[in-house]
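# Close look at the chain arrangement
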Amino acid sequence: MFDYLAENPDFLLLHPHLLSHLTIAHDVEGGVSLVERQVKVLREKNRELQGRLIEMLSAAQLNEQLLTKCIRLVLCLIDCRTLEQWVNTLHDGLLREFDLAAVSIHLFGHWQRVEHARVHSTGKTLQQKLDCRFPDNEPVCGRMDLKIKQSLFAHHHLERGSVALLPLGKQGQYGIIALLSENETHFSPEMGSLFLELISSVATQVLMKYKDFK
């Protein structure tokens, strides 16, 4: 290495980024030199910035993957021609695209009865049981508790997990889509709900094509 550097004295000038990985001692009696301390601080800041950059890139890649899945589901929903197709597409698509343990679809009003969806004459009773009226018209996320288990996933084997409740229509006036994950932290109150809102909004708009059943 010494011979190489001797033959290429401009090597570090051409590759200045390598300086942050080198340790160069400075003989200072009784302590560490100021230069060494400065280099150490800069090296630590460099590692910190690299870590943040990796986190940002990972988050960007995850968001890109989620957006791709959402778009794929949305396009399938738009192509639906019947309520039965809408329910099946929503149920199967959510399970397939987002690796969920279960999906529970509940419609409020006089709708055609189809597989994979439960029809309630009114949503008042279910919303009271869940204590969820969507005051901000946004999805609600959190851990699955006993009342959610009994009301939405009574036939599922999971006793623990996390849930996202998506409103259909203003304050869930047309129904609720419930998503169950085995991971207790997958759906949390602190998470961003942009993609869930997208699914909720598009699903509601497509559902309105079948409102003659109401």
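So, a few notes on the structure that sits alongside this text.

Rules and cut-offs
- Residues numbered from 1 in each chain as written.
- Predicted model: local features only at pLDDT ≥ 70, side-chain atom pairs only at ≥ 80, totals over all residues.
- Heavy atoms only, no water.
- Salt bridge = Lys/Arg side-chain N within 4 Å of Asp/Glu carboxyl O.
- Helix = DSSP H or I, 4+ residues; strand = E, 2+ residues; numbered from the N terminus.
- Buried < 20%, exposed > 50% of the residue type's maximum accessible area, 1.4 Å probe, protein only.
- 1 Å grid on protein atoms, 1.4 Å probe; cavity = no way out; pocket = protein on both sides within 12 Å on 5 of 7 lines; lining within 4 Å.
- Points joined across faces, edges and corners; volume = space filled by probe spheres on them.
- Nonpolar A, V, L, I, M, F, W, Y, C, P; charged D, E, K, R; others polar.
- Pairing = 2+ DSSP bridges.
- Axes fitted to C-alpha atoms, helices over the stretch in contact; angles between N-to-C directions.
- Contact = heavy atoms within 4.5 Å.

What follows covers the pattern of salt bridges. For the coordinates displayed, the defined rule picks out four salt bridges. Here Glu97 makes a salt bridge to Arg72, at a shortest N to O gap of 2.8 Å. A residue pair is termed long-range when its members are at least 10 positions apart, and Glu97 in helix 4 (residues 83-98) and Arg72 in helix 3 (residues 34-78) qualify at 25 residues. Exposure remark for Glu97: the relative accessible area of 9% places this residue in the buried category.

This brings us to the layout of surface pockets. Put simply, the largest pocket is a space of about 380 Å³. For the largest pocket, the lining is made up of 18 residues, of which Leu66, Phe98, His186, Phe187 and Met191 are closest to its centre. Taken together, the elements giving at least two residues each to the lining of the largest pocket come down to helix 3, helix 4 and helix 7 (194-207). For the lining of the largest pocket, the element with the highest residue contribution is helix 3, accounting for five residues. Considering only residue class, the lining of the largest pocket consists of 13 nonpolar, four polar and one charged.

Here we take up the sheet that holds strand 3 (residues 140-143). Strand order in the open sheet made by the five strands is 2-1-5-4-3, with mixed pairing throughout. Two strands bound the open sheet, and with one partner strand each, they are strand 2 (118-120) and strand 3. In this sheet, neighbouring strand axes are inclined to one another by 20 degrees on average, regardless of whether the strands run parallel or antiparallel. When strand 4 (residues 162-168) meets strand 5 (residues 175-181), the two strands line up antiparallel, connected through seven bridges. Of the residues in strand 5, the one forming a bridge with Leu168 is Gly175. Sheet strands touched by helix 4: strand 1 (102-108), strand 4 and strand 5. Its angle to strand 1, the strand with the most contacts, is close to 150 degrees.

Any link to function would need more than the numbers given here.
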